[in-house]
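# Remarks on the overall topology
Residues per chain are reported as follows:
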Amino acid sequence: MSPAVVFGVAILAGMGGLAFAMRDLPVGTAYAVWVGIGAVLTVVYAMVTGAEAVSVVKVLLLAGIIGCVAGLKFLH
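A few points on the structure. What you are looking at is a predicted structure, and each value in this text was computed from that prediction instead of being measured.

Before going further, it helps to examine the packing of aromatic side chains. To describe a pair of aromatic rings, you give the distance between the ring centres and the angle between the ring planes. Counted by the stated rule, this structure contains 1 aromatic pair. Both rings, one in Tyr31 and one in Trp34, keep their centres 5.5 Å apart while their planes meet at 50°; by these two values the pair is tilted. Residue Tyr31 and its partner Trp34 are located together in helix H2 (residues 27-49), separated by 3 residues, close to a single helical turn. Of the residues examined, Tyr31 reaches a relative accessible area of 47% and is grouped as partly exposed. Note on Trp34: relative accessible area 26%, which makes it partly exposed.

With that out of the way, let us pick up the packing of H2 against helix H3 (residues 56-75). When two helices pack together, their arrangement is captured by the angle between the axes and the distance separating the axes. Between H2 and H3, whose axes approach to 9 Å, the crossing angle comes to 155°. In terms of their interaxial angle, H2 and H3 are classed as roughly antiparallel. Note on packing geometry: the crossing formed by H2 with H3 is left-handed. Where H2 approaches H3, its residues Thr29, Ala32, Val33, Gly36, Ile37, Val40, Val43, Val44 and Met47 are matched on the opposing element by Lys58, Leu62, Ile65, Ile66, Val69 and Leu72. Among the residues making up the contact of H2 with H3, the classes are represented as 12 nonpolar, 2 polar and 1 charged.

Conventions used here
- Residues numbered from 1 in each chain as written.
- Predicted model: local features only at pLDDT ≥ 70, side-chain atom pairs only at ≥ 80, totals over all residues.
- Heavy atoms only, no water.
- Phe/Tyr/Trp six-rings, centres within 6.5 Å; stacked < 30°, edge-to-face > 60°.
- Helix = DSSP H or I, 4+ residues; strand = E, 2+ residues; numbered from the N terminus.
- Buried < 20%, exposed > 50% of the residue type's maximum accessible area, 1.4 Å probe, protein only.
- Axes fitted to C-alpha atoms, helices over the stretch in contact; angles between N-to-C directions.
- Parallel < 35°, antiparallel > 145°, perpendicular 65-115°, else oblique.
- Left-handed = near helix turned anticlockwise from the far one by under 90°.
- Contact = heavy atoms within 4.5 Å.
- Nonpolar A, V, L, I, M, F, W, Y, C, P; charged D, E, K, R; others polar.

In structure tokens, the structure reads:
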């Protein structure tokens, strides 16, 4: 699969996720949730493929991002 196709699918999925989040959340909170999820998924993908080293500290920090994103969602 070409990188352009992967990019196109990822953009559509990402924008769909943002649109889904904005149904229930204000724009600022929805964007923060969207960015947090995207950042975590990017790092996890890099760790799985071996492009990024895995460490306990990184995993704990990623868990912290997930916790903060969940907290934003639950506070609304």
